[in-house]
Amino acid sequence: MPKIAVCDDDAGFLEQTKQMLRNWRDGQIPLGISLFTDADALIRCHSADPFDILFLDVVMPLLNGIEAAQEIRGFDRTVKIVFLSVSPEFAVDSYTVKADNYLLKPVNPQRLFFCLDELQEEMQQLEKSITVKSTTAVHRVRLQDVEYLESQGKLVIFNLTGGLTVHGTEPLYAYEKSLLLDDGFFKCHRSYLVNIYKIKTYTAKEITMTSGSRIPISRSCHKEFEAAYFATLFGKAGDL
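Residues numbered from 1 in each chain as written. Predicted model: local features only at pLDDT ≥ 70, side-chain atom pairs only at ≥ 80, totals over all residues. Heavy atoms only, no water.

1. A look at the sheet that holds strand 2 (residues 32–36)
Inference 1: Spatial strand order, 2-1-3-4-5: 5 strands in an open sheet with parallel pairing. Both edges of this open sheet fall to strand 2 and strand 5 (101–104), since each of them pairs with a single strand only. Sheet twist, expressed as the mean angle between neighbouring strand axes with direction ignored, is 20°.
Inference 2: Judged from the 4 bridges that link them, strand 1 (residues 3–7) and strand 3 (residues 53–57) form a sheet pairing that is parallel. Bridge assignment links Val6 to a residue of strand 3, and that residue is Phe55.
Inference 3: On the sheet, helix 1 (residues 11–23) packs against strand 1, strand 2, strand 3 and strand 4 (80–85) and is oriented at approximately 170° with respect to strand 2. (Pairing = 2+ DSSP bridges. Helix = DSSP H or I, 4+ residues; strand = E, 2+ residues; numbered from the N terminus. Axes fitted to C-alpha atoms, helices over the stretch in contact; angles between N-to-C directions. Contact = heavy atoms within 4.5 Å.)

Below, the structure written as structure tokens:
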């Protein structure tokens, strides 16, 4: 269910927008909608539990929409941002924070629905992904780019193709809920979660990834790993 936040200092407009959002696709697609009259409150909430789409009023007291977006982009480069304004004069500024759209008030329902259609299509392309919070930012990592995860102290290192890494701040078990065998992932050791599609070879004790990295296999799960390996490659992971 897509999570949407709408921030505007006009409570009446917030309720109108909420109703329009609920009417999108005749209400057939459930949405989680949160309303904010304060941009600071939105930022705090988003940093703790990220939304998928943010609708921001440009002109608000204290922190305006552009400033709020700039702060959000400091730790989240992937969230979809749509600005709302009575004037097109701030449209150029919206490009500086990589906004996805700019809608004029009063918001035309058909324009809003078209905007949502576009955003949904873009998000579906990133559907097979995981959101990873690091100490400095929020990253959206495509599953096909993940080679393996390694738990190191209080961090979990996402080792990606091309030698890139992302350091997550949540424990390994928190990511296990998202990285399922149906997606090709298997926990071969208490400190490692591997992408089976990125395995080059393996023995009874060790996995060699396509990058050359070597990952230990716990003796207790070798048989289960081997079964998962062949089931995944032959498209039968869901039967395990």
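Additional details are given in the paragraphs that follow.
2. Overview of the environment of Glu15
Inference 1: Mapped onto the elements of the fold, Glu15 is located in helix 1.
Inference 2: Among the residues examined, Glu15 registers a relative accessible area of 48% and is labelled partly exposed.
Inference 3: Spatially, the C-alpha atoms of Glu15 and Leu35 are 8.3 Å apart, while their sequence positions differ by 20 residues. (Buried < 20%, exposed > 50% of the residue type's maximum accessible area, 1.4 Å probe, protein only.)

3. Description of the sheet that holds strand 14 (residues 206–209)
Inference 1: Strand order across the open sheet formed by 3 strands is 13-14-15, with antiparallel pairing between neighbours. Two strands close off the open sheet at either side, each with one partner strand: strand 13 (199–202) and strand 15 (214–216). Strand-to-strand twist of the sheet, defined as the mean angle between neighbouring strand axes without regard to direction, takes the value 25°.
Inference 2: When strand 14 meets strand 15, the two strands line up antiparallel, connected through 3 bridges. Within the sheet, the bridge partner assigned to Ile207 lies in strand 15 and is Ile215.
Inference 3: Contacting strand 13 and strand 14, helix 7 (residues 222–233) runs over the sheet at an angle of about 140° to strand 13.

4. Section: the nonpolar core
Inference 1: Cys7, Leu42, Leu54, Leu56, Ile81 and Phe83 are the most contacted members of the largest nonpolar core, which totals 23 residues.
Inference 2: Mapped onto this core, the elements with two or more residues apiece are strand 1, helix 2 (39–48), strand 3, helix 3 (65–73) and strand 4.
Inference 3: If one sorts the elements of this core by residue count, helix 3 sits on top with 4 residues.
Inference 4: Discounting residues that sit within four places of it in the chain, Phe83 has contacts with Leu56, Val58, Gly65, Ile66, Ala69, Ser94, Val97, Ala99, Asn101, Tyr102 and Leu103.
Inference 5: With 22 residues, the next largest nonpolar core counts Trp24, Leu112, Leu116 and Met123 among its residues. (Core = buried A, V, L, I, M, F, W, Y, C linked by side-chain atoms within 4.5 Å.)

5. Regarding the pattern of salt bridges
Inference 1: Tallied over the full model, the rule gives 10 salt bridges.
Inference 2: Between Asp145 and Arg142 there is a salt bridge; the shortest N-O distance is 3.0 Å.
Inference 3: Residue Glu176 pairs with Lys187 through a salt bridge whose shortest N-O separation is 3.0 Å. Taken together, the residues Glu176 in helix 6 (residues 172–176) and Lys187 in strand 11 (residues 185–189) connect sequence positions 11 residues apart.
Inference 4: Exposure remark for Glu176: the relative accessible area of 25% places this residue in the partly exposed category.
Inference 5: Among the charged side chains, a network of salt bridges with common partners joins Asp8, Asp57 and Lys105. (Salt bridge = Lys/Arg side-chain N within 4 Å of Asp/Glu carboxyl O.)

6. A few points about the environment of Phe51
Inference 1: Within the secondary structure layout, Phe51 lies in the loop between helix 2 and strand 3.
Inference 2: Taking the C-alpha atoms as reference points, Phe51 and Lys98, 47 residues apart in sequence, are found 16 Å from one another.
Inference 3: Ignoring sequence-local partners within four residues, the contact set of Phe51 consists of Lys3, Ile4, Ala5, Ser34, Phe36, Leu42, Cys45, His46 and Val79.

Coordinates in, geometry out; function isn't part of it.
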